[in-house]
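# Structure at a glance
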Amino acid sequence: MIKYLAGIFDSEGYVRIRKVKTSYSIECKVEMTNLEIIELFAERYDLKIKECNRGIDRKLIYRVVLNGKQLRESSFISDLLPHLNEKYYQLDSIRRLLSGENKEVCYQEYMIYKKKFDHQIINQPSFEYLAGIIDGDGCINSINTGNSLYNKYSIGLEQRYKALIEYMSIKFNGSSISKRKIKSVKHNQTYSWQNTTSNSLQLLIGIEPFLVEKKNKCRILINYINEMETFRKFSKSILNEWN
């Protein structure tokens, strides 16, 4: 469960060190539309869940926040840090600040890590961690192609953390990556990864036990790929006999 929460935090979490004159405040938060996932954080770290209404026809956002006292007294940092990648250095800045290191140095380094996402993978991603990433920033899709014998399907991910996108492309054959167009100066550059082949089966089977939001879609796609590959083999054997 900890690795899953780390994946969620890397994709949907927020780390903040705020400086006002000579004082520093720290905060971590996670917010999603999926209440079940937010409840996992709330139950483990004894947090209150806040509902945020975003307006008519928009889903409620559920949020949990850890202030300085909660970060100091809970196991949140020691739990997640050994599994984080994108937000590793941001959260480590808070850990160092709490341990008594120079606060201004920690703050300045945090400000650098907050804006830069060009570091390499730090902690080897497990399937449990990747389940959190996919539940947070990923998508699992199947498209009905009408008269075609096979439906199209894909598992994908979009993030600003390029190293993880490249890792997914190398780890799972049949993948493609692309650089997304920046919508405005206020947005970060993001990169997308997508796999539309049966090579995604290894990933789907690996993350399925840990998924929360996308578990049902994952199970359906696993079953579809297995059945499709069985039919492919059957079809090939029949053609071989014919020849």
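Since the model is a prediction, treat every value here as computed from it, not as a measurement.

## Comments concerning the environment of Glu 86
- Examined against the element boundaries, Glu 86 turns out to sit in the loop between α4 (76-80) and α5 (88-98).
- Ignoring any residue separated from it by four or fewer positions in sequence, one finds Glu 86 in contact with Asp 10, Phe 117, His 119, Gln 159, Arg 160 and Tyr 161.

## Quick look at the packing of helix α1 (residues 2-12) against helix α7 (residues 127-137)
- Interhelical geometry of α1 versus α7 gives an angle of 35° and a closest axis separation of 7 Å. Crossing of α1 against α7: the hand is right-handed. Note on element contacts: α7 touches α1 through Glu 128, Tyr 129, Ala 131, Gly 132, Ile 133, Asp 135, Gly 136 and Asp 137, opposite Ile 2, Lys 3, Tyr 4, Ala 6, Gly 7, Ile 8, Asp 10, Ser 11 and Glu 12.
- Of the residues that constitute the contact of α1 with α7, the class distribution is seven nonpolar, four polar and six charged.

## Here's the deal with the sheet that holds strand β1 (residues 13-20)
- Spatially, β1-β2-β4-β3 is the arrangement adopted by the four strands of the open sheet, whose pairing is antiparallel. With partners counted over all chains shown, the strands left at the sheet margins are β1 and β3 (50-52), one partner each. Strand-to-strand twist across the sheet, computed as the mean angle between neighbouring axes with direction ignored, equals 30°.
- Here helix α2 (residues 35-45) sits on the sheet in contact with β2 (23-32) and β4 (61-67), set at roughly 15° to β4.
- Here α5 sits on the sheet and contacts β1 and β2; the angle it forms with β1, its principal contact strand, is near 45°.

## As for the side chain of Lys 215
- Among the secondary structure elements, Lys 215 is positioned in helix α10 (residues 215-242).
- For Lys 215, a relative accessible area of 19% puts it in the buried group.
- A distance of 2.6 Å separates the side chain of Lys 215 from the backbone oxygen of Glu 208, its partner in a polar contact.
- A distance of 3.5 Å separates a polar atom in the side chain of Lys 215 from the backbone oxygen of Leu 211.
- Apart from the residues within four sequence positions on either side, Lys 215 is in contact with Glu 208, Pro 209 and Phe 210.

## Comments concerning α2
- Restricting attention to buried positions, one finds in α2 the residues Ile 37, Ile 38, Phe 41, Ala 42 and Tyr 45. Looking straight down α2, one finds that the buried residues subtend no more than 145° of arc, so they occupy a single side.
- Those residues of α2 that are buried lie in contact with α1, β2, β4, α4 and α7.
- Between a side-chain oxygen at the N-terminus of α2 and the backbone nitrogen of Glu 36 the separation is 3.1 Å; the capping residue is Asn 34.
- One or two positions beyond α2, positive phi appears at Asp 46, with a value near 55°.

## Side note on the nonpolar core
- Of all hydrophobic cores here, the largest spans 63 residues; its most connected members are Phe 41, Phe 76, Leu 80 and Ile 207.
- It is α1 that contributes the most residues to this core, six residues altogether.
- Setting aside chain neighbours within four positions, we find Ile 207 in contact with Phe 127, Leu 130, Ala 131, Ile 134, Ile 155 and Cys 218.

## Digging into the environment of Tyr 161
- Examined against the element boundaries, Tyr 161 turns out to sit in the loop between β6 (152-159) and α8 (162-171).
- Looking at Tyr 161, the relative accessible area reads 0%, which means it is buried.
- On a C-alpha basis, the gap between Tyr 161 and Ile 56 in space is 32 Å, while along the polypeptide they are 105 residues apart.
- Those residues in contact with Tyr 161, other than ones at most four positions away along the chain, are Asn 85, Glu 86, Phe 117, His 119, Gln 120, Ile 121 and Ile 122.

## Examining the layout of surface pockets
- Taken as a whole, the largest pocket holds about 640 Å³ of empty space.
- If you go around the largest pocket, you meet 20 residues; those closest to its centre are Asp 137, Arg 160, His 187, Asn 188 and Thr 190.
- Those elements giving two or more residues to the lining of the largest pocket turn out to be α1, β1, α7 and β6.
- Ranked by residues supplied to the lining of the largest pocket, first place goes to α1 with three residues.
- A per-class count over the lining of the largest pocket returns two nonpolar, seven polar and eleven charged.
- The volume enclosed by the second largest pocket comes to roughly 190 Å³.
- What lines the second largest pocket is a set of 13 residues, among which Phe 117, Asp 118, Arg 160, Lys 162 and Tyr 191 lie closest to the centre.
- Take the lining of the second largest pocket: its biggest share by element is three residues, from α8.

Conventions we followed
- Residues numbered from 1 in each chain as written.
- Predicted model: local features only at pLDDT ≥ 70, side-chain atom pairs only at ≥ 80, totals over all residues.
- Heavy atoms only, no water.
- Helix = DSSP H or I, 4+ residues; strand = E, 2+ residues; numbered from the N terminus.
- Contact = heavy atoms within 4.5 Å.
- Axes fitted to C-alpha atoms, helices over the stretch in contact; angles between N-to-C directions.
- Left-handed = near helix turned anticlockwise from the far one by under 90°.
- Nonpolar A, V, L, I, M, F, W, Y, C, P; charged D, E, K, R; others polar.
- Pairing = 2+ DSSP bridges.
- Buried < 20%, exposed > 50% of the residue type's maximum accessible area, 1.4 Å probe, protein only.
- Polar contact = N/O pair within 3.5 Å; in protein donor to acceptor, adjacent residues only side chain to side chain.
- Arc of directions from axis to C-beta.
- Core = buried A, V, L, I, M, F, W, Y, C linked by side-chain atoms within 4.5 Å.
- 1 Å grid on protein atoms, 1.4 Å probe; cavity = no way out; pocket = protein on both sides within 12 Å on 5 of 7 lines; lining within 4 Å.
- Points joined across faces, edges and corners; volume = space filled by probe spheres on them.

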